[in-house]
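Chain by chain, the residues:
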Amino acid sequence: MDILSGLLDGPRADGAFLLRSVFEPPWSLRIRDRAPLSVVVIARGRAWVVPTEGDPVRLDRGDLVLVRGPAPYTVADDPQTPPQVFVEPGQVCTDASGRSLSAEMMLGLRTWGNATDGATTMVTGTYERASAVSERLLRALPETVVLHGDAWSSDLVTLLCTEMQRDVPGQEVFLDRLLDLVVLSAVRTWLNDQEDAAPGWYRAATDPVVGPALQALHLRVADPWTVGTLAAEVQVSRAVLARRFASVVGEPPMAYLTSLRLALAADLLERTDRTLTSIAHEVGYASPFALSAAFSRERGVSPTAYRSRTRGLPPA
């Protein structure tokens, strides 16, 4: 697995919220769902995205915007149109008075809006929770990433919009995977366009020393790595590896490894019922006590408390 694939494996669309929206002006949606990552693609017409910070951005057919939460943002026919619909956590939709609009605005299968044949059609995919292993990727993204249709593989948008209107066995899983492909294509395109401004871990993939070192850490995260053994793995001296890794990635190799291990542990705590002992061995800690100490030190909460919090359970 290459480094980008490992990081992109985090925001998996496992039961993600997917919706086709059809609107006739004037319309304006204030999104306050606090989702860690959302994607909006324009299938027909145009729309404006107004982020919390920065200028409004116009989107035309085939354009896409990635929005990194949890800050609220607005999607509208015009930046000056006042919000009419408010989207809260759990995809609860209300008007300004708090009255539910969920049933009133339903237009059919996975379709919602104010007109059956409105001027603008959008497809929105919302990752309501992102795996902890992708925190590093999410931190690298700005609040909004805008890609115009001629800059990326917009054929995926056409396919996604078509499949949104199909009701066949297995369609929900198919749509989840298709949404993953849309996000993967968008993030990869954006990172490739960043050149020197791309995060260090991404630029490191092509570094002859740091690239193989990162790949070794991701592939064998549970190995008893030291700077010395990692340097031997990539056939350079300890000093060369330490200096080059810190320069390119922005942190020492063992600090990167600790962050990776704890992110993987957090992912397993949230998504599985495995014991702390099993998770500790999976991510390279000799005992559950060692993992618990490192996790609590870095994240300010014990693994057990983290599992309860991310699953909405009462504290143990």
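In what follows, the accompanying structure is described. (Residues numbered from 1 in each chain as written. Predicted model: local features only at pLDDT ≥ 70, side-chain atom pairs only at ≥ 80, totals over all residues. Heavy atoms only, no water.)

For the rest of this paragraph, the subject is the overall build of the protein. Looking only at helices and strands, the protein features 12 helices and 13 strands. Its C-alpha atoms give the protein a radius of gyration of 22 Å, near enough to 20 Å, the size a compact globule of 316 residues would have. Across its three principal directions, the C-alpha atoms of the protein cover 65 × 45 × 40 Å. Expressed as a percentage of its 316 residues, the buried residues of the protein come to 49%. (Helix = DSSP H or I, 4+ residues; strand = E, 2+ residues; numbered from the N terminus. Rg over C-alpha atoms; globule rule 2.2 N^0.38 Å. Buried < 20%, exposed > 50% of the residue type's maximum accessible area, 1.4 Å probe, protein only.)

Structurally, the position occupied by Val57 is in strand S5 (residues 57-60). As a C-alpha pair, Val57 and Val75 span 18 residues in sequence and 9.7 Å in three-dimensional space. Apart from residues lying up to four places away in sequence, Val57 is in contact with Ala47, Trp48, Val49 and Val146. (Contact = heavy atoms within 4.5 Å.)

On to the sheet that holds strand S2 (residues 28-31), then. The strand order across the open sheet formed by six strands is S5-S4-S7-S2-S8-S9, and the pairing between neighbours is mixed. Strand pairing shows two members of the sheet lacking a second neighbour, S5 and strand S9 (92-94), which therefore form its edges. Within the sheet, the average angular offset between the axes of one strand and its neighbour, ignoring direction, is 20 degrees. Sheet analysis places strand S4 (residues 46-50) next to strand S7 (residues 73-76), joined by three bridges and oriented antiparallel. Across the sheet, the residue bridging to Val50 is Thr74, located in S7. (Pairing = 2+ DSSP bridges. Axes fitted to C-alpha atoms, helices over the stretch in contact; angles between N-to-C directions.)

Below, the discussion takes up the side chain of Asp63. Its location among the elements puts Asp63 in the loop between S5 and strand S6 (64-68). The charged side chain of Asp63 is buried without a salt bridge, its nearest counter-charge being Arg58 at 7.0 Å. Polar contacts involving the side chain of Asp63 include one to the side chain of His148, which spans 3.1 Å. Beyond its immediate chain neighbours, meaning those up to four positions away, Asp63 contacts Val40, Val41, Ile42, Arg58, Leu147, His148 and Gly149. (Lys, Arg positive; Asp, Glu negative; His and termini not counted. Salt bridge = Lys/Arg side-chain N within 4 Å of Asp/Glu carboxyl O. Polar contact = N/O pair within 3.5 Å; in protein donor to acceptor, adjacent residues only side chain to side chain.)

In this model, Pro25 is joined to Pro26 through a cis peptide bond whose omega is 0 degrees. On the secondary structure map, Pro26 appears in the loop between strand S1 (17-23) and S2. Omega for the bond connecting Gly69 with Pro70 falls within 30 degrees of zero, at 10 degrees, which places this linkage in the cis form. By the element assignment, Pro70 lies in the loop between S6 and S7. In the Ramachandran plot, Arg110 falls in the positive-phi region, its phi being about 50 degrees despite a non-glycine side chain. For Arg110, the position within the fold is in the loop between strand S10 (106-108) and strand S11 (111-113). Taking the relative accessible area as the measure of exposure, Arg110 reaches 12% and is therefore buried.

For the rest of this paragraph, the subject is the pairing of S6. With four of five residues buried, S6 is to be regarded as a mostly interior element. By the bridge criterion, five bridges tie strand S3 (residues 37-44) to S6 in an arrangement that is antiparallel. What sits directly across from Val40, in S6, is Val65.

It is worth spelling out the sheet that holds S1 at this point. Taken together, the seven strands give an open sheet; going across it, the order is S10-S11-S1-S12-S3-S6-S13, and neighbouring strands pair in mixed fashion. Edge positions in the sheet fall to S10 and strand S13 (144-147), since each of these pairs with one other strand and no more. For this sheet the average axis-to-axis angle between neighbouring strands, irrespective of direction, equals 25 degrees. Looking at chain direction, S10 and S11 are connected through two bridges and run antiparallel. By the bridge assignment for S11, Gly108 is matched with Thr111.

Following both chains from N to C, one finds helix H6 (residues 210-219) and helix H9 (residues 253-271) inclined at 30 degrees, their axes separated by 11 Å at the closest point. Handedness of the H6/H9 crossing: right-handed. Facing H6, whose interface residues are Leu214, Leu217 and His218, H9 presents Pro253, Tyr256, Leu257 and Leu260. Residue classes in the contact of H6 with H9 are distributed as six nonpolar, one polar and no charged. (Left-handed = near helix turned anticlockwise from the far one by under 90°. Nonpolar A, V, L, I, M, F, W, Y, C, P; charged D, E, K, R; others polar.)

If you want to describe how two helices pack, look at the angle between their axes and the distance between the axes. It is the contact of H9 with helix H10 (residues 276-283), at a shortest axis distance of 9 Å, that shows an interaxial angle of 145 degrees. In terms of crossing hand, the pair formed by H9 and H10 is right-handed. Facing Arg261, Leu264, Ala265, Leu268 and Leu269 of H9, the residues of H10 in contact are Leu276, Ile279, Glu282 and Val283. Class assignment for the residues of the contact of H9 with H10 results in seven nonpolar, no polar and two charged.

The subject of this paragraph is the nonpolar core. Burial of nonpolar side chains together is a common tendency in soluble globular proteins. With 32 residues, the main nonpolar core has Val39, Leu64, Leu66, Val123, Leu160, Val182 and Val183 as its most contacted residues. Only S3, S6, strand S12 (120-127), helix H2 (135-140), S13, helix H3 (155-163), helix H4 (171-194) and helix H5 (200-203) provide two or more residues apiece to this core. At nine residues, H4 tops the list of elements feeding residues into this core. Aside from chain neighbours lying at most four places away, what touches Leu64 is Val39, Val40, Val41, Leu59, Val145, Val146, Leu147, Trp152, Val182 and Ala186. (Core = buried A, V, L, I, M, F, W, Y, C linked by side-chain atoms within 4.5 Å.)

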